[in-house]
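# Summary of the model geometry
Below, each chain spelled out in residue letters.
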Amino acid sequence: MLLFLGFSVTAQNQHAHHDSIKNLEEVTVKNATKKKIETEMKMAVSVDEFLSSSDNISFIKRGAYAWEPLLNNMSTERSTVTIDGMHVFGACTDKMDPITSYVESNNLATIDIKSGQEGSLHGATVAGSIDLKRKSTPFGLEKKWNGAYQTGFEFNNEQFFNLGNVSYSGTKFVADGSISYRTADNYHDGNNDEVKHSQYNKFNTSLGLAYKTSDLSSVRLDAIFDVAKNVGYPALPMDLWLSRALITSASYKQLFEEGLVRVVDTKVYFNAIEHYMDDTTRPENLVHMDMPGWSTTYGLVSKANLKKNDYSSEIQLNAYDNLSIAEMRMYPQDRSERTMFAYSWPWVTTRYAGLSMNNSWDISERSQVHLGGSLGVNYNYSKYVEFNWIFHPGAPQEKTRFLPSLNAAYNLNIDQFNFSVGTGYGHRAPSVSEGYGYYIYNSFDRYDYIGDPNLKNEISYEGNASAGFKTEKLSIQGKVNYFYIQNYIIGKILSLGSPMNYQSVGVKGYTSLDYATLLNMSANVSYDILEHLHWKGTLTYARGMDDKGGNLPFIRPLSYLTSLHYMYKNFGIQTSVNGDFEQINYSPEYGEDLTGAYTIWNISADYSFKINKVRSTIQIGAENLLNEYYSTYADWGNIPRMGRNIFTSLKLNF
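Residues numbered from 1 in each chain as written. Predicted model: local features only at pLDDT ≥ 70, side-chain atom pairs only at ≥ 80, totals over all residues. Heavy atoms only, no water.

## Side note on the pattern of salt bridges
Cut-off, in case you're wondering: Counted as salt bridges are all cases of a side-chain nitrogen of Lys or Arg within 4 Å of a carboxyl oxygen of Asp or Glu. Note on exposure labels: buried denotes an accessible area under 20% of the residue type's maximum, exposed denotes more than 50%, and partly exposed covers the range between, all computed with a 1.4 Å probe on protein chains only.
Inspection of every chain in the model, using the stated rule, returns 26 salt bridges. A salt bridge links R428 to E434; the shortest N-O distance between them is 3.0 Å. Residue R428 shares its accessibility class with E434, and that shared class is buried. Put simply, R641 and D635 hold a salt bridge, and the shortest N to O gap is 2.7 Å. Neither R641 nor D635 differs from the other in exposure class; each is buried. Members of the salt-bridge network, linked through shared partners, are K42, E49, E154 and E623.

See the structure below:
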C-alpha cells in the first residue's frame, strides 16, 4: 500500500528571479536523437544481432533465424518480451518464434531492457523485461517527409536484404510506414562445409497513423504484418513451412499542462500468430510429423505518468487474454494416412490482469530513490485437460495464481563516481508448456517433456549493485546481480511413460527444485585514445547452480569483447575481437557437453557522402575474418557457427 500512497508530496514554493533574466522572442527545442538500431560494427543488423550487443542478453541458436533471447542467462519463460507494451505470445512449442522475430530493425526506434524486478512494470517476471518500441514520428516537424532505404548482401549465406521506411509529419496528422525483405541460403561453417537447413525468407511491413484530436491529445492506429517461409533449423529434426503474425493496436494519449498527472496513454490491442513446423524436407526421418500452432491475444495497457516537484511516477495497468493451441500429427511414409494426433498445447487460455507502479524521488542533486511494485492475477484454463490427467490424475482444469512483486534501488552520484544498489522480490506463473505441455520434444537432450498444472509459482529474491567512474576520456562501469529462485522449474526424468517421438530417449516432466542461484557480473571500459580513436572493452561472467550444487544449463562462460573505432570526417573504420572461454561448468544432466574456447575477429569500414540532398552511407566488412570453426555453449546440438562472412550495405536517408 505504501507504493500507491506516494502521491502525497509536499508542494514547494517557486520563486522567480527577474534581475538577471532576458526575454527571448523565440526558443527552439529539438528532439534528442534516439539510439539507432545498429551497432558500430554493422549498420544493417537484425533485431537479434542488435540485442546481442547488450551485456545482459545472450541467445540460444537453433539456426540462422529467430534466436531465443536469454536475459540475465534465463530462458524466455522467465522474462517478459513486449512490443510497445503489448503482450505477444509465440505459437511454437519449440520456441522457434520468439517475439523478437516478428519485428524488424527498420520499424523500431529503440529497445528498452530492464533487469530483474525493475521490469515488472510490463507484468510478472524474474529475469526482467524487453520492450521493443516502434518508431513514432512527432507532430509538426519542419521537414514533413522523411525516409530511408537500405540494401545489402552477405556472401557467406548469400543473404540479400532490402529495408525501407517513410514518415510524414503534419500539424494534425502523422504516418509511419516500413517494409523489409530478407532471403538467405544455407550458411557455411569455418571448415567451409555447408550447414544444411539453415536458409530463411522473411517479409515484414508495418503502418502507424496518428491524428491530433486537440492541442494536448491524439489517437493512433498501428499494425505489423510478418511472414516467414521456408526457414530451416539445422539443430532440429524439422523446419518451418510458414509463420504469420498480425499485430494491431489503437491508442489514445492525453497530455496535461498542470497538476500531478502529466500523461495518460491507453491502448487496446489484438494479435494473432500461426506457426507451422513440418519435416517434409527431411526424407531421412522414419516417421513424419507436423506441428502447427496458433496463438491469439486480446489486451489492454494503460499507463499514467505523474510528476510533482522532486517526485515522479509511472502507473501501468496490464490485462490480456491469450489462447494457445498446438497440435502434433504423426504420419507413416504414406502421408495420406495419419497414425497419431495429440494436442501438445491443449487449448490453454491464459488471462492476466496486473497493476504496476514505479516511483522515483530526487532526495538531493546527487541521489535518487526508486521504489516500485506490482500485483497480478493469472488465470489458466485447459480445454482438453484429459491430456494432463494421463500423468497428473485429477489435475485441476483451471488455476488462479496471485503474482506480487516489489523492487527498490538507491542511486548516488559523487563528482565523477556513480553508485547504485537495489533489491527485488517477485513471483511468476509457469508458462503454458511448463504447466500444460504434452509430449513436447526437446532435441537438445532428446527427451519428451510433460507439463504439470500443479507447479508452484517461482519466487525470486534479487540483489544488484553497480559502480562507475567517468572522466572526459575514460569511463569504467561494473555491474553485478544475484538471483535466489525458489521453486525453480526445470525438467526431470519420469519413471512412468514412454517417449512418443522415435528420436526420444525418454520422458521428462517439468518439476520444481527447492531453489536455484544465478550470479551475473559485467565490466565495461571505454577510453578516447585520440580525438578520433576510441576503445571499448567488455568482460562478462555468469554462474548458475541448482539446489544440489549442480550446474544450470545455458549459463554463459567468461566472455570478452574489445573494439577500436576510428572516425575522421566522413570515414570510419572499426574492428573488434570477441570470444568465450572454455565452458567448464556445463550440465550433462540437461544435455550439455564441454564447449571449447574461441576468438572471433571482425572488421568493417564505412564512408558517408551526399547525392544532392540524400545523405548516404556505404559499408563493407567481414565477420569471423579468420574463418574460425567453433560452436558455443548456446548452440543447440552443437551446430557450428557461421564461418567468414563478408558483408556490404548501402543506406540512403532522404
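## Focus: the packing of aromatic side chains
One pair of aromatic rings is described through two measures. These are the centre distance and the angle between the planes. Filter applied, for reference: Working definition: a ring pair exists when centres of Phe, Tyr or Trp rings (six-membered ring for Trp) sit within 6.5 Å. Plane angles under 30 degrees give stacked, over 60 give edge-to-face, the rest tilted. The numbering of helices and of strands both runs from the N terminus, where a helix is a DSSP run of H or I of at least 4 residues and a strand a run of E of at least 2.
Per the counting criterion, the structure on display carries 30 aromatic pairs. Ring geometry for W145 against Y168: centres 5.0 Å apart, planes inclined by 55°, an arrangement best described as tilted. With W145 in strand β7 (residues 145-154) and Y168 in strand β8 (residues 159-169), the pair connects residues that are 23 residues apart, well separated along the chain. Here W145 falls in the exposed class, since its relative accessible area comes to 55%. On the basis of relative accessibility, which here comes to 22%, the residue Y168 falls in the partly exposed class.

## Focus on the pairing of strand β29 (residues 571-580)
This is how the line gets drawn: Strands qualify as paired when DSSP identifies two bridges or more between them.
Across 10 bridges, strand β28 (residues 559-568) lies against β29 in antiparallel orientation. For L564, the partnering residue across the bridge sits in β29 and is T575. Taking the residues that link successive antiparallel strands as the turn, the β28-β29 hairpin has 2 residues, and the phi of K569 there is positive, at about 55°. Taken together, the 10 bridges between β29 and strand β30 (residues 598-611) define a ladder with antiparallel strand orientation. Looking across to β30, one finds that I573 is bridged to A605.

## What to know about unusual backbone geometry
For N309, which is not glycine, the phi torsion reads 55° and is therefore positive. With respect to the helices and strands, N309 occurs in the loop between β14 (288-308) and β15 (311-331). One non-glycine residue, W347, lies in the positive phi region at around 55°. Positionally, W347 belongs in strand β16 (residues 340-362). Residue class for W347 comes out partly exposed when judged on its relative accessible area of 27%.

## Remarks on the sheet that holds strand β4 (residues 86-87)
The 4 strands lie next to each other as β4-β3-β6-β5, forming an open sheet whose pairing is mixed. Here the strands that pair on one side only, and so sit at the sheet edges, are β4 and β5 (108-115). In this structure, strand β3 (residues 79-83) lies alongside β4, joined through 2 bridges in antiparallel fashion. Residue pairing for β4: T82 is matched across the bridge by H87.

## Comments concerning a nonpolar patch on the surface
Operational definition: Patch membership requires more than 30% relative accessible area and the absence of a salt bridge. Residues of like charge join within 9 Å; the nonpolar side chains Val, Leu, Ile, Met, Phe, Trp and Tyr join within 5 Å. Here the accessible surface of atoms and residues is derived via Shrake-Rupley with a 1.4 Å probe, and residues count as covered only by protein chains that are part of the display.
Together, F173, L207, L209, Y211, V219, L221 and Y252 line one region of the surface with nonpolar side chains, adding up to about 610 Å² of accessible area. At the level of secondary structure, the elements contributing two or more residues to the nonpolar patch comprise β10 (200-214) and β11 (217-231). When residues of the nonpolar patch are assigned to their parent elements, the largest contribution, 3 residues, is made by β10. Within the secondary structure, Y252 is located in strand β12 (residues 239-255). What makes Y252 partly exposed here is its relative accessible area of 37%.

## Some details on the nonpolar core
Rules: The nonpolar core is taken to be a set of buried Ala, Val, Leu, Ile, Met, Phe, Trp, Tyr and Cys residues, with the residues joined through side-chain atoms within 4.5 Å. Residue contacts follow a heavy-atom distance rule, with two residues in contact if any of their heavy atoms lie within 4.5 Å.
Residues I83, I111, I130 and L132 are the most contacted members of the largest nonpolar core, which totals 45 residues. Of the residues forming this core, the biggest block, 3 residues, is contributed by helix α1 (residues 47-51). Ignoring sequence-local partners within four residues, the contact set of I83 consists of V88, I99, V103, D131, L132, R134, I224 and I247. One finds M96, A235, L240 and M291 within the second-largest nonpolar core, a separate group that totals 36 residues.

## Topic: the side chain of Q150
Spelled out, the test is: Polar contacts, as used here, are pairs of N or O atoms within 3.5 Å; protein pairs need one atom able to donate a hydrogen and one able to accept it. Residues neighboring in sequence count only if both atoms are side-chain atoms.
Position of Q150 relative to the elements: it lies in strand β7. A polar contact of 3.1 Å, which involves the side chain of Q150, links it to the side chain of S649. When residues no more than four places from it in sequence are discounted, the contact partners of Q150 are M43, A44, F161, N162, L163, S649, L650 and K651.

## Topic: a positive patch on the surface
What counts here: We score Asp and Glu as negative and Lys and Arg as positive, and we do not count His or the chain ends. By convention, the point assigned to a charge is CZ for Arg, NZ for Lys, CD for Glu and CG for Asp.
Residues K143, K610, K613 and R615 make up a contiguous surface patch of positive charge. Along the chain, the position of K143 falls in the loop between β6 (128-134) and β7.

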